[in-house]
Amino acid sequence: MIVSIIYLVVSFILENVMASIFPATLGNISYFTTIYTIIALVVIYPYFANEKKYYTLVIIFGALFDILYTSTLLLNVVFFLLIALVIKILNTNMSDNIFTITYYHSFFLKCLHS
């Protein structure tokens, strides 16, 4: 679990670095400006036996995302929780392998960029 938290923190910091390198505007959205925290949440979900700890991390990082990046009040917390519920549903219905994780990434990136 510690490795999963470290992975989540590194992806959160990487998001800030990549936003500084590849600035995005509403008309010019690049795939390099993806939300790495969402991808990290997809990857680390199978490693949590206790879902309560997973949802606690989702709420914490959703709040941090709100505070540091978007300055909205609890909007991304709700988005992160909804995405975590969809991750749980998809993970219970599909097996864990590289193809399903790639599908999750493309699905969530398409949802967030549209």
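Residues numbered from 1 in each chain as written. Predicted model: local features only at pLDDT ≥ 70, side-chain atom pairs only at ≥ 80, totals over all residues. Heavy atoms only, no water.

## Topic: helix H2 (residues 36-44)
A large share of H2 lies buried, amounting to eight of its nine residues. By the burial criterion, the buried members of H2 are Tyr 36, Thr 37, Ile 38, Ile 39, Ala 40, Leu 41, Val 42 and Ile 44. (Buried < 20%, exposed > 50% of the residue type's maximum accessible area, 1.4 Å probe, protein only. Helix = DSSP H or I, 4+ residues; strand = E, 2+ residues; numbered from the N terminus.)

## What about the nonpolar core?
Judged by nonpolar contacts, the single largest core of 22 residues is most densely connected at Leu 8, Leu 41, Tyr 54, Ile 87 and Phe 108. Elements with a contribution of two residues or more to this core: helix H1 (2-21), H2, helix H3 (51-70), helix H4 (75-93) and helix H5 (98-113). Of all the elements, H3 adds the most residues to this core, at six residues. In contact with Phe 108, other than residues within four places in its own chain, are Ile 38, Val 42, Ile 83, Val 86 and Ile 87. (Core = buried A, V, L, I, M, F, W, Y, C linked by side-chain atoms within 4.5 Å. Contact = heavy atoms within 4.5 Å.)

## Looking at the confidence of the model for the protein
The share of residues in the protein with pLDDT of 70 or more is 88%, and the mean pLDDT across the chain is 81. Mean pLDDT values for the elements of the protein range from 75 in H5 up to 89 in H3. (pLDDT = per-residue confidence, 0-100.)

## Comments concerning the side chain of Asp 66
Residue placement: Asp 66 occurs in helix H3. Put simply, Asp 66 is tucked away with no salt bridge, and the nearest opposite charge, on Lys 52, sits 22 Å away. Within the structure, the side chain of Asp 66 is placed 3.5 Å from the backbone nitrogen of Leu 75, a separation counted as a polar contact. Of the polar contacts made by the side chain of Asp 66, one reaches the backbone nitrogen of Val 77; its length is 3.4 Å. Beyond its immediate sequence surroundings of up to four residues, Asp 66 is in contact with Ser 71, Thr 72, Leu 73, Leu 74, Leu 75, Asn 76 and Val 77. (Lys, Arg positive; Asp, Glu negative; His and termini not counted. Salt bridge = Lys/Arg side-chain N within 4 Å of Asp/Glu carboxyl O. Polar contact = N/O pair within 3.5 Å; in protein donor to acceptor, adjacent residues only side chain to side chain.)

## Examining the environment of Thr 102
Mapped onto the secondary structure, Thr 102 falls in helix H5. For the pair formed by Thr 102 and Val 42, sequence separation is 60 residues and the distance between their alpha carbons is 9.6 Å.

## Some remarks on the pattern of salt bridges
Within this structure, the stated rule accounts for one salt bridge. Close ionic contact of Lys 88 with Glu 51 constitutes a salt bridge, the shortest N to O distance being 3.6 Å. Here Glu 51 lies in helix H3 and Lys 88 lies in helix H4, a separation of 37 residues in the sequence. Classification of Lys 88 by relative accessible area gives partly exposed; the value is 28%. Classification of Glu 51 as partly exposed rests on a relative accessible area of 29%.

## Points about a nonpolar patch on the surface
On the surface, Val 9, Ile 13, Leu 14, Val 17, Ile 21 and Phe 22 cluster together into a nonpolar patch covering about 480 Å² of accessible area. Structurally, the position occupied by Val 9 is in helix H1. Taking relative accessible area as the criterion, Val 9 reaches 33% and is therefore assigned partly exposed. (Patch = residues over 30% accessible without salt bridge, like charges linked within 9 Å, V, L, I, M, F, W, Y side chains within 5 Å. Areas by Shrake-Rupley, 256 points an atom, 1.4 Å probe, with all protein chains shown as cover.)

## Thoughts on the packing of aromatic side chains
All told, the structure shown has five aromatic pairs when counted by the stated rule. Residues Phe 48 and Tyr 54 carry aromatic rings whose centres are separated by 5.7 Å and whose planes lie at 55 degrees to one another, so their mutual orientation is tilted. Judged by its relative accessible area of 8%, Phe 48 falls in the buried class. When the centroid spacing of 5.7 Å and the interplanar angle of 65 degrees are considered together, the rings of Tyr 54 and Tyr 55 count as edge-to-face. For the residue pair Tyr 54 and Tyr 55, the accessibility class agrees, reading buried in each case. The structure contains a cluster of three or more aromatic residues connected by ring pairs, namely Tyr 45, Phe 48, Tyr 54 and Tyr 55. (Phe/Tyr/Trp six-rings, centres within 6.5 Å; stacked < 30°, edge-to-face > 60°.)

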